[in-house]
Amino acid sequence: MEDNHEQKDILNTSRRNMLVGSVAATIAAGYLASGSTASAQAQPAASAAPTRPALPASGNTILITGGSSGIGRALAEQLHARDNTVIIAARRTAVLQDIASRFPNMHAMTVDVRDPYSVKRLAREIVEKHPTLNVVFNNAGIMRPENVFDGDSALAESSDHIETNLNGPIRLTAALLPHLAKQPRARIVNTSSGLAFVPRATFPTYCATKAGVHSYTVSLRHQLRRTSIDVLELAPPALRTELTPGQSRIEAFMPLDAFINEVLGLLDRNPVPDELIVERAKIQRLAEAEGRFFQTFEAINRADG
Ligand SMILES: NC(=O)c1ccc[n+]([C@@H]2O[C@H](COP(=O)([O-])OP(=O)(O)OC[C@H]3O[C@@H](n4cnc5c(N)ncnc54)[C@H](OP(=O)(O)O)[C@@H]3O)[C@@H](O)[C@H]2O)c1
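Keep in mind that this is a model prediction, so the values were computed, not measured. Sequence order sets the numbering: in each chain, residues are counted from 1 along the sequence as written. Local features in this predicted model are restricted to residues of pLDDT 70 or higher, and side-chain atom pairs are both shown and tallied only at a pLDDT of 80 or more, whereas totals for entire chains, interfaces and linings draw on every residue. Calculated side-chain values reflect all of the structure's heavy atoms, with hydrogen atoms and water omitted.

Some words on the overall build of the protein
For the protein, the helix and strand inventory stands at ten helices and seven strands. Working definition: with a 1.4 Å probe on protein chains only, accessible area under 20% of the residue-type maximum means buried, over 50% means exposed, and in between means partly exposed. Within the protein, the proportion of its 305 residues that are buried is 44%. Should any heavy atoms of two residues lie within 4.5 Å, those residues are counted as being in contact. Nonlocal contacts in the protein, meaning residues at least 24 apart in sequence, comprise 65% of its contacts between residues at least 6 apart. Surface accessibility of the protein: about 15,700 Å² in total, with carbon and sulfur atoms responsible for 57%. Starting at the N terminus, helices and strands are each numbered in turn, a helix being any DSSP run of H or I of at least four residues and a strand any DSSP run of E of at least two. Areas reported as accessible are Shrake-Rupley estimates using a 1.4 Å probe. Residue values count occlusion only from the protein chains shown.

Structure, rendered in structure tokens:
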């Protein structure tokens, strides 16, 4: 009798498992069948906030960290051209002031995102001077190679990356969240990287921080799903900026203006995708999902020996 019950239980459990397995298989098949474009821009049901109205393209007050060069500066100029008030922030005050002085309604503010006090001060000043702030781009970042055999100096590099690329965005988000939550419509955009999804081994902590930014952004989006704030991830491919010395001259890297144009196109979509993944970045973003992680890893790391 007992055996009979046990067998029935085993049977029921195995039927349940099969059902769960087949649901998972159906979802996986649908995901792959939907192709790269659809899967990269997929909106996970758990995070979707369909009732949130679209963020207008103009009239926002936008803070961009890392606004003194590269992606941050280019975004600042383009978003300013769309009639937004833009605040650019970074460490090099003179560079920021020079850029801001060329545009009405562009403002410069100094911050070192590695320093918790500097971040809190920036948040306080912005809320005071620009109380309409409703969009934040966590974009400041550094990328330097690390040799794991370099002992303490490798650890110092590692910490610098974590403080700048990962703790920086987490700190600024925490400092501005109470303010953003009061805005009728707000947005946080975190810059990760294609290297968050397939690392380049010469830059181990850089890639780890970007994978961290990706994961943090997924959780942040989920926690904020019932607020007025949407949370986006910008995962650029290799671009022609001076993130590492000389990379702006590498022809194989994507030109910055083409990248920014494609990103603006993604931002114009309604609903806006959770992840802003330009065509060039899909090779990395979808590597794992499309079962080609190791080939992609090999291809990215082959040139570095
Ligand atoms: N270019 C690419 O290939 C690529 C690819 C994927 C992801 N990304 C990411 O995109 C973001 C922007 O990079 P980029 O290509 O535009 O490079 P970039 O031109 O070197 O810009 C980096 C920006 O971050 C700022 N910054 C660095 N450390 C900072 C700190 N401690 N506090 C405040 N600001 C700081 C820099 O300004 P100051 O020196 O004035 O502080 C600069 O404005 C980074 O997060 C990067 O990881 C870039």
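So, the sheet that holds strand β7 (residues 275–276)
Taken together, the seven strands give an open sheet; going across it, the order is β3-β2-β1-β4-β5-β6-β7, and neighbouring strands pair in parallel fashion. The strands lining the two open edges of the sheet, one partner per strand, are β3 (106–110) and β7. Strand pairing is assigned whenever DSSP detects at least two bridges linking the two strands. As paired elements, strand β2 (residues 85–90) and β3 share five bridges and run parallel to each other. What sits directly across from Ala89, in β3, is Met109. Packed onto the sheet, helix α4 (residues 93–100) meets β2 and β3 and runs at close to 175° relative to β3. Axes, fitted as lines to C-alpha atoms, cover a helix only where it is in contact. Angles between the N-to-C directions of the axes lie from 0 to 180 degrees.

Digging into the site of the ligand
Around the ligand lies a shell of 31 residues, among which Ile71, Arg91, Arg92, Tyr206 and Thr241 are the nearest. Polar contact is defined as a pair of N or O atoms within 3.5 Å, subject to the rule that within protein one atom must be able to donate a hydrogen and the other to accept it, and that residues adjacent in sequence are counted only when both atoms are side-chain atoms. Gly66 places a polar main-chain atom, nitrogen or oxygen, 3.1 Å from an oxygen atom of the ligand. For the ligand, an oxygen atom lies 3.4 Å from a polar atom in the backbone of Gly70. Here the ligand loses 95% of its free accessible area of 870 Å² to cover by the protein chains. Elements supplying a minimum of two residues to the shell around the ligand: α3 (70–81) and α7 (204–223). Side-chain classes are defined by residue name, with Ala, Val, Leu, Ile, Met, Phe, Trp, Tyr, Cys and Pro counting as nonpolar, Asp, Glu, Lys and Arg as charged, and the others, Gly among them, as polar. In terms of residue class, the shell around the ligand is built from twelve nonpolar, 13 polar and six charged. For this purpose, a residue is taken to be near a molecule or strand whenever a single non-hydrogen atom of the residue falls within 4 Å of it.

Some words on the nonpolar core
Within this scheme, the nonpolar core is defined by two criteria: the residues are buried Ala, Val, Leu, Ile, Met, Phe, Trp, Tyr or Cys, and they are joined through side-chain atoms within 4.5 Å. Among the nonpolar cores identified, the biggest contains 37 residues, and Phe259 and Leu276 are the most heavily contacted of them. Mapped by element, the contributors of at least two residues to this core are β1 (61–65), α3, β2, α4, β4 (133–138), β6 (229–234) and α8 (256–267). Looking at this core element by element, the count peaks at seven residues for α8. The residues touching Phe259, leaving out its near neighbours within four places in the chain, are Ile71, Leu234, Pro236, Pro237, Leu239, Met254 and Val278. Among the nonpolar cores identified, the runner-up in size contains 22 residues, and Ala89, Val113, Ile229 and Val231 belong to it.

Concerning the environment of Ile229
Here Ile229 lies in strand β6. With a relative accessible area of 1%, Ile229 lands in the buried category. Between the alpha carbons of Ile229 and Arg185 there is a distance of 6.2 Å; along the sequence they are 44 residues apart. Discounting residues that sit within four places of it in the chain, Ile229 has contacts with Arg52, Leu177, Leu180, Ala181, Ala186, Arg187, Ile188 and Leu224.

Digging into the pattern of salt bridges
Basic side-chain nitrogens of Lys or Arg form a salt bridge, by our definition, when they fall within 4 Å of a carboxyl oxygen of Asp or Glu. Throughout the structure, instances matching the rule amount to 16 salt bridges. The shortest N-O distance in the salt bridge between Arg114 and Asp160 comes to 3.1 Å. Residue Arg114 is found in the loop between β3 and α5 (116–129), and its partner Asp160 is found in helix α6 (residues 151–180); the two are separated by 46 residues along the sequence. Residue Arg114 is classed as partly exposed on the basis of its relative accessible area of 29%. Where Glu125 meets Arg121, a salt bridge forms, and the shortest distance between an N and an O atom there is 3.6 Å.

Points about the packing of aromatic side chains
Pairing of aromatic side chains here covers Phe, Tyr and the six-membered ring of Trp, requires ring centres within 6.5 Å, and sorts the geometry by plane angle: under 30 degrees stacked, over 60 edge-to-face, intermediate tilted. By the definition in use, this model includes two aromatic pairs. When the centroid spacing of 5.2 Å and the interplanar angle of 85° are considered together, the rings of Phe293 and Phe294 count as edge-to-face. Residue Phe293 is classed as buried on the basis of its relative accessible area, which comes to 18%. One aromatic cluster is present, formed by Phe293, Phe294 and Phe297 through successive ring pairs.

Such coordinate-based values are descriptive only and should not be taken to indicate function.
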